[in-house]
Amino acid sequence: MKKEKCNVLSFGKVCLSGSKILGAIAAASLALSLCACSGIGGDGSGVGDGVGTIDGIGTIDGTGTADGVGTIDGAGTTDGTGAGDGTAAGDGSGTTDGSGAVDGTGATDGTGSAEASGRERESGAAGEAAAAVQAGGIQLLTDLTANAACSTEEGYYYLTEEAIKLRDGGWGSRLMYMDYASAREIFLCSTAGCSHDSVDCPAVFPRDEFPAYSTQLFVWGGGLYILRGGYNSDEVTVSYFGSNGAVEPESRPAVLYRANLDGTERRKVYTFEAGLKLEGVVFGDDSGIYVITKKLAADAGGDTGFSDFTGKRLMRLNLKDGKLAEVCSLDFGDSVSRKIIGCYGDKLLLGSIDFGREVTSEELWDDDIHKELFDNSWDVCELLDIKTGKRKEVCRISNRERHSLKVLGNRVYVSYAGTGEIKSIVPETGEEKTIARFPQSQIMEGFGNLLCCRDFDLADSTWYFVNTDTGEISHSTLVSLSGGSLEFKAVTGKDVLVINDYDSGDMYDFIQYHYALISLEDLMAGRANWRRIEMIGSGQ
C-alpha cells in the first residue's frame, strides 16, 4: 500500500492530484444528484454498546445490521469501496471472529457479535499486532499539535477553528482545501448551489459531532480520515466549568471517519469502545493505523476539575477486518507523563519531564510552586521498541539549562542556549556529536534534513536553517509582510506553505491569516518570491 505522511511539516504524495480534486468538485457541481453528504455518520450503528465496531467496509453483501453491536456495515469489498480502495491493510492478517469474517470463523452476513474483537487484547493478540509492524516502519500521520490539518503534495486540508451558525440553529466548522497548483482555497464541497451552512454540506462538520480541538485529520491509503475525539493535551485534562461545577469528560466514544480526497462519500468506518480516550497522534504502516488509547481513572472532584487517565496502550487497527489489538503498553508503572515526539522503523521516541517524584495536578497548575518544580526537573527522551516493549533512555537534560530538543528522522537533536551547540544523538547507541554552534540555535521546527532555528529569546524574527548532514547554516532574512516571523504550515518536495501575513482585530485577535507558497530554495536564500493563496476563509 502506498504511504502518506500527514504531520504538519512532512508529507508524501497521494493518489489524487490537487487539480483532479478541483476538477472533480467542478464536475460534480453540475449535477445536484452528486450530494457528497449521503452516508455522513453512516447508519449510526456501532455506537450503542460501546464495543469497537467497523462500519462502511468489508462485508460480503453490503447489508450489515442495524443494531450497532459489532457489525461491519456498508459497501462490500467487491465494489471498490471496501478493501479494494486502499483503506484496507495489505497484509490480510487475521479476521474479526464473529463479526462478519469470511473465513468461516464468524458470520458471513455481517451480523456476528464483535465481542471477540474486544477479547482479542486479552488472548495474545498483542503479540500478533506487534509482529505485524511492517518492515518499512511506522510513520506519523497526524500533527503533534492540536491543529486539525494535514497536507499532501497537492494541497492542504484544515478544519476551521471558528464556528459558523448553521441553518438548523446549530454550529459547525468547515473543511477547507488549498490547492497548490492553482493557489486557491475552496470549501471541500462538490454539491451544486451549496451555501455551506447546513449538515447536508460535506464541508460542514457539526460541532456537536466534531467538537473543537478534539478532531484530527490525516491522509492514509488514498483517503482522507477524520478522527473525532482523538486529541488530548496531557494525561490530566482540565474540565470545563459551568453553573453546576466541573463538567465530566465527554463520554461519547471516539469515531473514525473516511472520505475521498475531494471530500465526497464521508462515512463512519470505526467506533471505538465507550470510555476510551484517544490521544491526538496517529501512526500508520502497511498493516494498519496505530492509535494510543487510555481510560478515565478518577476525578479529583472539588474545585479542581482535573481528571486522570490510566491504562495507556498503543493499539493497531486493521481497517480490513475491524481488529483492534494491543501492540504494547505505554504504562510504565511510574508517575511520569510521556508524550510521543517522533518515530521511525519499529521505534517510538518518548518525551517527558521527570520531576523526581509524583506531582499532583494541583501542584502543576499552581504558579507559586511550578517554577521551583520545573527548575529541579529533567527533560528526558526515551526510545521504545514497540515489538518488544523495551525502553531505554536516550538523553536527560536539566531544565535549569535553557535548551531545545527535536526529533528529525532517526536522530535526536538537542541545542543549548549557553553554548549555542546543536548536538546529534543516535538513539540506539547514545552516540553524540556537535553538528553546529551559533547563537540562534533554538530548534523550532524541522523538515527533510533541515533544522529550523531561532534565537532563544525570539527577539529576531528571521529563521536559521541547519543542514543535519553537513552542519551548514543558512540565514533567511525573510519575515512576514507585517514584520513578524513566518509560520511554516506544510512542505512538499520543493515548496513550503507559510503564513506570511495576517489582519488583526482588537489586541492579539487575528481575524485573517494569509498563506503563500515559496520554494525551499528561495526561502533559504531570503528571496521573497511569494505565490499568494487566494483565500475565501480566515485561514484558521
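Residues numbered from 1 in each chain as written. Predicted model: local features only at pLDDT ≥ 70, side-chain atom pairs only at ≥ 80, totals over all residues. Heavy atoms only, no water.

Broken down by element type, the protein carries six helices and 38 strands. Relative to its 540 residues, the protein shows a buried fraction of 55%. Accessible surface, the protein as shown: approximately 22,300 Å² in total, 50% of it carbon and sulfur. (Helix = DSSP H or I, 4+ residues; strand = E, 2+ residues; numbered from the N terminus. Buried < 20%, exposed > 50% of the residue type's maximum accessible area, 1.4 Å probe, protein only. Areas by Shrake-Rupley, 256 points an atom, 1.4 Å probe, with all protein chains shown as cover.)

Reading across from one edge, β31-β32-β33-β34 is the order of the four strands in this open sheet, with antiparallel pairing throughout. The open sheet terminates on both sides in strands that have one partner only, identified here as β31 (442–447) and β34 (473–476). Direction aside, the axes of adjacent strands within the sheet are offset by 30 degrees on average. In terms of strand pairing, β31 meets strand β32 (residues 450–454) through five bridges, oriented antiparallel. Its bridge partner being in β32, Q442 is matched across the sheet by R454. (Pairing = 2+ DSSP bridges. Axes fitted to C-alpha atoms, helices over the stretch in contact; angles between N-to-C directions.)

Let us look at the nonpolar core. Grouped together as the largest cluster of nonpolar side chains are 22 residues, with contacts concentrated most on Y156, Y158, M178, L497, Y515 and I533. At the level of elements, β7 (155–159), β9 (171–179), β36 (495–504) and β37 (510–519) are the ones that each hand at least two residues to this core. For this core, the leading source of residues is β37, giving three residues. Every residue in contact with Y156, bar those within four places of it in the chain, is listed here: A149, C150, S151, M176, Y177, M178, Y180, K489, A490, L497 and Y515. L141, A254, V269 and V291 belong to the second-largest nonpolar core, a separate cluster that totals 18 residues. (Core = buried A, V, L, I, M, F, W, Y, C linked by side-chain atoms within 4.5 Å. Contact = heavy atoms within 4.5 Å.)

A word on the pairing of strand β33 (residues 463–467). Burial within β33 is extensive, with five of its five residues counted as buried. The two faces of β33 match: W463, F465 and N467 on one face and Y464 and V466 on the other face are all buried. As defined by bridge partners, β32 adjoins β33 across four bridges and the pair is classed as antiparallel. By the bridge assignment for β33, C453 is matched with Y464. Sheet topology note: the β33/β34 ladder contains four bridges and is antiparallel. Paired with Y464 across the strands is H475, a residue of β34.

This part takes up the confidence of the model for the protein. For the protein, per-residue confidence averages 75 on the pLDDT scale, and residues scoring 70 or more make up 67% of the total. Low pLDDT (under 50) marks residues 1–17, which in the prediction has 77 contacts with non-local residues, meaning those over four places away or in another chain. (pLDDT = per-residue confidence, 0-100.)

Here we take up the environment of G221. Mapped onto the fold, G221 is located in the loop between β12 (215–220) and β13 (223–228). Overall, G221 belongs to the buried group, its relative accessible area being 7%. For G221 and G284, which are 63 residues apart along the polypeptide, the C-alpha to C-alpha distance reads 9.4 Å.

Ordered in space as β27-β28-β29-β30, the four strands form an open sheet in which the pairing is antiparallel. What marks the edges here is a single partner per strand, and that holds for β27 (403–408) and β30 (432–437). Looking at each pair of strands side by side, their axes are set apart by 25 degrees on average, direction ignored. In the sheet, β27 pairs with strand β28 (residues 411–416) via six bridges, with the strands oriented antiparallel. Looking at β28, one finds that K406 is bridged to Y413.

What follows covers the pattern of salt bridges. For the structure on display, the rule yields 21 salt bridges. In this structure, the salt-bridge partner of D334 is R338, at a minimum N-O distance of 2.9 Å. Across the pair E393 and R396 runs a salt bridge whose closest N-O atoms are separated by 3.0 Å. Because the salt bridges share partners, they merge into one network encompassing D334, R338, E382 and R391. (Salt bridge = Lys/Arg side-chain N within 4 Å of Asp/Glu carboxyl O.)

Positive phi is not limited to glycine here, since E265 has a value of about 55 degrees. Along the chain, E265 turns up in the loop between β17 (255–259) and β18 (267–271). One non-glycine residue with positive phi stands out, namely L458, at about 55 degrees. Relative to the helices and strands, L458 resides in the loop between β32 and β33. Note on L458: relative accessible area 40%, which makes it partly exposed.

Here we come to the environment of A274. Along the chain, A274 turns up in the loop between β18 and β19 (276–285). When its relative accessible area of 38% is taken as the criterion, A274 is described as partly exposed. Placed 20 residues apart in sequence, A274 and A254 show a C-alpha to C-alpha distance of 7.5 Å.

A separate point is the packing of aromatic side chains. For the coordinates displayed, the defined rule picks out 12 aromatic pairs. Ring geometry for Y157 against Y177: centres 4.8 Å apart, planes inclined by 55 degrees, an arrangement best described as tilted. Residue Y157 is found in strand β7, and its partner Y177 is found in strand β9; the two are separated by 20 residues along the sequence. Given a relative accessible area of 0%, Y177 falls into the buried group. Consider the rings of F447 and F488, whose centres lie 5.9 Å apart with planes at 90 degrees: the pair is edge-to-face. (Phe/Tyr/Trp six-rings, centres within 6.5 Å; stacked < 30°, edge-to-face > 60°.)

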